Amino acid sequence: MNQITVLKIGGNIIDSATALTRFLTAFSNLSGDRVLIHGGGKIATQIAEKLNVPTTMVEGRRITNKPMLDVVTMVYGGLVNKQIVAQLQSLGVNAIGLTGADAGLVRATKRPVGVIDYGFVGDIQEVDSGRLQSFTSQGLVPVFAPLTFDPTDPGTLLNTNADTMAQALAVDLSGHNQVTLVYCFEKRGVLANPDDDNSVISQLTHALYAEHKAAGSINKGMIPKLDNAFAALEAGVARVIICHADEVSAALAGEAGTVILV
């Protein structure tokens, strides 16, 4: 069975040119088929401020009205994505920059208005992993910006959580491949003590996750990340790892980070 590594790089790494370069260098040295999904970091907020577009965040999630959708499309699908692709090309990786709309790869629907109206935010409905693998079979390395589309609403892109997009891509690819999903960010893994970067939990089960969540040691943005991780395993992904962006190679070798277990 073909092996594919799906990696998601977090926003704080995108914000640092030095940290991003270190990660992309490590990424370029990984073997086998790879898919990269990136967030947008603080750049979208900075560009929005320059354009006088207000930024509203609720529980760490961006409210995406039409002006903000234009900003995240420019920043995620343009500036950030193409800078990453250009750096990977310079490192000898034949990267291709994509959004979910390209080749109809990731279809979504606009999130229904509930207690919170998130605006133009997409909930993923379908991934065309066969078409995605046509890129990898040609030696290309897909680099996804966290944007999807709704084919029933012509011309409309949707802002989509990058962790969720990575999970959806990994799950769909796992139907015909052995997939490892890696969430990379600025922490060394899931921490037992959020203030101690050395308190990495080497293996995290559902039961241990529930204990830490109840105690408050796992909270805020780590909760949706872990919910995505457990959902990916339950849907057929072979392995899920959460690690520091500088420790990807070590984490894949089982020497760093947190391994998520069902």
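Look a little higher up for the structure.
Everything in this summary refers to the structure shown in the same document. A quick note: this is a predicted structure, and the numbers were derived from the prediction, not measured. (Residues numbered from 1 in each chain as written. Predicted model: local features only at pLDDT ≥ 70, side-chain atom pairs only at ≥ 80, totals over all residues. Heavy atoms only, no water.)

**As for unusual backbone geometry**
Excluding glycine, residues mostly have negative phi values, and the peptide bonds linking residues are mostly trans.
Here's step 1: Even without glycine at this site, N52 takes up a positive phi of about 60°.
Here's step 2: Among the secondary structure elements, N52 is positioned in the loop between α3 (43-50) and β3 (57-58).
Here's step 3: The phi torsion at A103 lies on the positive side, around 60°, for a residue other than glycine.
Here's step 4: Inspection of the secondary structure puts A103 in the loop between β5 (95-98) and β6 (106-110).
Here's step 5: With relative accessibility at 34%, the residue A103 sits in the partly exposed group. (Helix = DSSP H or I, 4+ residues; strand = E, 2+ residues; numbered from the N terminus. Buried < 20%, exposed > 50% of the residue type's maximum accessible area, 1.4 Å probe, protein only.)

**Examining the packing of aromatic side chains**
Here's step 1: Enumeration according to the criterion identifies two aromatic pairs in this entry.
Here's step 2: Arranged with centres 6.0 Å apart and planes meeting at 35°, the rings of F23 and F27 form a pair that is tilted. Separated by four residues within a single helix, F23 and F27 lie in helix α2 (residues 17-28), roughly one turn from each other.
Here's step 3: Considering the side-chain rings of Y209 and F230, the 5.4 Å spacing of their centres and the 25° angle between planes classify their relative orientation as stacked. Here Y209, found in helix α7 (residues 206-215), pairs with F230, found in helix α8 (residues 222-234); they are 21 residues apart in sequence, far enough to count as distant. The two residues Y209 and F230 agree in class, both being buried.
Here's step 4: Over the aromatic face of F120 sits the side chain of K110, whose NZ or CZ is 5.3 Å from the ring centroid.
Here's step 5: Over the aromatic face of F185 sits the side chain of K225, whose NZ or CZ is 5.2 Å from the ring centroid. (Phe/Tyr/Trp six-rings, centres within 6.5 Å; stacked < 30°, edge-to-face > 60°. Lys NZ or Arg CZ within 6 Å of the ring centre and 35° of its normal.)

**Overview of the state of the cysteines**
Here's step 1: Counting across every chain of the model gives zero disulfides.
Here's step 2: No disulfide involves C184; its sulfur sits 4.3 Å from that of C243, the nearest cysteine. (Disulfide = S-S within 2.5 Å.)

**As for the side chain of S199**
Here's step 1: Here S199 shows up in the loop between β11 (178-185) and β12 (203-204).
Here's step 2: A polar contact of 2.7 Å, which involves the side chain of S199, links it to the backbone oxygen of D196.
Here's step 3: Once residues within four sequence positions are removed from consideration, S199 is found in contact with V190, L191, A192 and N193. (Polar contact = N/O pair within 3.5 Å; in protein donor to acceptor, adjacent residues only side chain to side chain. Contact = heavy atoms within 4.5 Å.)

**Section: the sheet that holds β12**
Here's step 1: With respect to topology, eight strands assemble into an open sheet ordered β5-β8-β2-β1-β11-β13-β14-β12, the strand pairing being mixed. In this open sheet, the two strands that pair with only one neighbour each are β5 and β12.
Here's step 2: One ladder, built from six bridges, connects strand β1 (residues 3-9) with strand β2 (residues 33-38); its direction is parallel. Bridge pairing links I4 to D33 in β2.
Here's step 3: The strands touched by α8 within the sheet are β1, β11, β12, β13 (239-244) and β14 (258-260), with β13 carrying the most contacts at an inclination of about 155°. (Pairing = 2+ DSSP bridges. Axes fitted to C-alpha atoms, helices over the stretch in contact; angles between N-to-C directions.)

**Here we look at the nonpolar core**
Here's step 1: Formed by 39 residues in total, the largest nonpolar core has its most connected members in L7, F23, L36, I84, L88 and C184.
Here's step 2: Looking at this core, the element that brings in the most residues is helix α4 (residues 66-90), giving ten residues.
Here's step 3: Setting aside its immediate chain neighbours within four residues, I84 contacts I14, L20, L24, L36, H38 and V143.
Here's step 4: Listed in part, the 38 residues of the second largest apolar core include L181, L226, V237 and I242. (Core = buried A, V, L, I, M, F, W, Y, C linked by side-chain atoms within 4.5 Å.)

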